[in-house]
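Take a look at the letters that make up each chain.
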Amino acid sequence: MQARPNWVQWQEAMDREIDTLQNAGTWSTVPQPSNKNVVGSKWVFCIKQKADGSVDKYKARLVARGFTQVYSEDYLDTFSPVAKLASFRTILAFAT
């Protein structure tokens, strides 16, 4: 048993996060190459509260520590899909 009295709630939140990531097929386990940098991860914890201030739920997120990556060794380019305003207007025009 851990030192914190609410450790059980945090453990349940972590289990929910792992189950969600596994069900989504977010990652797969592969052998670690000896000459490659492995991006680590860490847990981020937050207590969600109701409007009256009581605890709604314990939330845990597993996040990648991407700042450990080195350009041209671990990745070569980045991609972020962005919708242009003209595309959005065209979609709205078709919808009407």
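Let me begin by describing the structure that accompanies this report. What you see is a predicted model; the values in this text were computed from it and never measured. (Residues numbered from 1 in each chain as written. Predicted model: local features only at pLDDT ≥ 70, side-chain atom pairs only at ≥ 80, totals over all residues. Heavy atoms only, no water.)

What follows covers the overall build of the chain. Check the secondary structure of the chain and you find two helices and two strands. Along the chain direction, N to C, the helices and strands of the chain fall in the order α-β-β-α. The C-alpha atoms of the chain give a radius of gyration of 20 Å, which is well past the 12 Å a tight globule of 96 residues would have. With the C-alpha coordinates aligned to their principal axes, the bounding extent of the chain is approximately 55 × 50 × 25 Å. Buried residues in the chain amount to 8% of all 96 residues. Put simply, 49% of the contacts in the chain that link residues at least 6 apart link residues at least 24 apart. Charge separation in the chain, taken as the distance between the mean sites of 12 positive and 9 negative side-chain charges, equals 7 Å. (Helix = DSSP H or I, 4+ residues; strand = E, 2+ residues; numbered from the N terminus. Rg over C-alpha atoms; globule rule 2.2 N^0.38 Å. Buried < 20%, exposed > 50% of the residue type's maximum accessible area, 1.4 Å probe, protein only. Contact = heavy atoms within 4.5 Å. Lys, Arg positive; Asp, Glu negative; His and termini not counted. Charge placed at Lys NZ, Arg CZ, Asp CG, Glu CD.)

Our focus in this paragraph is the environment of S34. Within the secondary structure layout, S34 lies in the loop between α1 (7–23) and β1 (41–49). Relative accessible area serves as the criterion here: at 80%, S34 is assigned to the exposed category. Separated by 15 residues in the primary sequence, S34 and Q49 place their C-alpha atoms 44 Å from one another.

A rise of 1.5 Å per residue sets the reference length of α1, with its 17 residues, at 24 Å; its end C-alpha atoms lie 24 Å apart and thus fit the reference within 8%. When we look at burial in α1, the residues that qualify are W10, A13, M14, E17 and L21. Along the axis of α1, the buried residues cluster in a sector spanning 95°; they form a single face. Check the buried side of α1 and you find it contacts β1 and β2 (55–64). The first or second residue beyond α1 is G25, which carries a positive phi of 70°. (Expected span 1.5 Å × (residues − 1). Arc of directions from axis to C-beta.)

Pairing of β1 with β2 involves nine bridges; the strand directions are antiparallel. Residue pairing in the sheet places K42 in a bridge with V63 of β2. Connecting β1 to the antiparallel partner β2 that follows it, the hairpin turn spans five residues, and G53 within it adopts a positive phi of roughly 95°. (Pairing = 2+ DSSP bridges.)

What follows concerns the nonpolar core. Grouped together as the largest cluster of nonpolar side chains are five residues: W10, A13, M14, Y58 and A60. Sorting the residues of this core by element identifies α1 and β2 as the ones contributing at least two each. For this core, the leading source of residues is α1, giving three residues. If we skip the residues at most four places from it in the chain, W10 touches F45, C46, I47, Y58 and K59. (Core = buried A, V, L, I, M, F, W, Y, C linked by side-chain atoms within 4.5 Å.)

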